[in-house]
Amino acid sequence: MGRFRDYANPARSTVREFYRLNHEGQTLDFVRRKKKEYLSLDRRKMTMWEALELLDTLVDDSDPDIDLSQIQHALQTAEAIRADGHPRWFIVTGLIHDAGKILCTIGEPQWAVVGDTFPVGCAFSEKIIYPEFFAGNPDTRVPEYQTRLGIYEEGGGLDKVHLSWGHDEYLYHVLRDHLPAAALDVVRYHSFYAWHRDGAYGHLLADEDAARLEHVQHFNPYDLYSKDAARPDFVALKPFYEDLVGEFLPDTLQW
Ligand code: FE
Ligand code: FE
């Protein structure tokens, strides 16, 4: 993986503590409660730009690579996709893929918003980052959740699986009526590294998940490797991206 996702980077020792909190707190019950709390989307109306600007003060504690503001990360990801000549829906996906992190600005702790996601309600894979921290997760004491299938059916499909709660699932629900399916796959599953990078949880997947995997894997390098030290010029780029957002998304969104 080279110089990205370098979890040994001592400058990012907060990452370890982040994953301890995350792995101890993300239980099936917690995920169900957060879905109830947030997925009615009745908190506020906001444009995508307002959301991105809200985010801009946040530095992601789960990111071992670089202290980069969220708007910079959004623009770098989108610009890298644009530079490779990809279609406009893919560029807009790059821009907005982390907008769900606004959860951090409305009182959610980072461990419940960012970082890698993983299924709850079944055994935790050893392929998840810092698997040793699951020892502190109360679900490991629930025998039903500790088999390879847990509460799920063999081949039941990813959309039936409860992933640990965070910005992916939240933003998917905000955008589900507005973006093409491939974009929504990226939004919903881009943090599920144990699956899209390491091939875990094959027994939970249905046929349609093969296409999802392709979409997420196509996107991932832009999310990771666009983290360049050079800061994109927000003011210069804004007109292009305002047009692009206007092409795909309504003026205001329900959050
Ligand atoms: Fe993300
Ligand atoms: Fe990202």
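In case you missed it, the structure is sitting above this.
Residues numbered from 1 in each chain as written. Chains lettered and ligands numbered in written order. Predicted model: local features only at pLDDT ≥ 70, side-chain atom pairs only at ≥ 80, totals over all residues. Heavy atoms only, no water.

Engineer: What am I meant to see in the overall build of the chain here?
Structural biologist: Regarding its fold elements, the chain presents ten helices and two strands. Helices (α) and strands (β) of the chain occur, in sequence order from the N terminus, as α-α-β-α-α-α-α-α-α-α-α-β. Over its C-alpha atoms the chain spans a radius of gyration of 18 Å, differing by no more than 12% from the 18 Å that the globule rule assigns to 255 residues. In terms of overall dimensions, the chain has a C-alpha envelope of 55 × 40 × 35 Å along the principal axes. Scored against the burial criterion, the 255 residues of the chain give a buried share of 55%. Within the chain, contacts between residues separated by at least 24 positions form 80% of all contacts whose residues are at least 6 apart in sequence. (Helix = DSSP H or I, 4+ residues; strand = E, 2+ residues; numbered from the N terminus. Rg over C-alpha atoms; globule rule 2.2 N^0.38 Å. Buried < 20%, exposed > 50% of the residue type's maximum accessible area, 1.4 Å probe, protein only. Contact = heavy atoms within 4.5 Å.)

Engineer: It is not clear to me how the coordination of the iron ion (ligand 2) should be interpreted in this structure. Could you clarify?
Structural biologist: Each pair of donors in an ideal four-coordinate tetrahedral metal site encloses 109.5 degrees, whereas pairs in an ideal six-coordinate octahedral site enclose 90 or 180 degrees. All of the protein donors around the iron ion (ligand 2) are His 73 (NE2), His 97 (NE2), Asp 98 (OD) and Asp 223 (OD); their distances to the metal are 2.2 to 2.3 Å. Around the iron ion (ligand 2), the four donor atoms sit at angles spanning 78 to 166 degrees, and that spread fits a shape best called irregular. Along the chain, the residues that donate to the iron ion (ligand 2) are spaced as H-x23-H-D-x124-D. Separation of the iron ion (ligand 2) from the iron ion (ligand 1) amounts to 3.7 Å, with Asp 98 serving as a shared donor to the pair. With His 73 in helix α4 (residues 70-83) and Asp 98 in the loop between α5 (88-96) and α6 (167-175), this pair connects stretches of sequence that are 25 residues apart. We classify Asp 98 as buried; its relative accessible area is 7%. (Donors = N, O, S within 2.8 Å, 3.2 Å for Na, K, Ca; no water. Tetrahedral: all angles 85-135°; square planar, octahedral: opposite > 155°, others 65-115°.)

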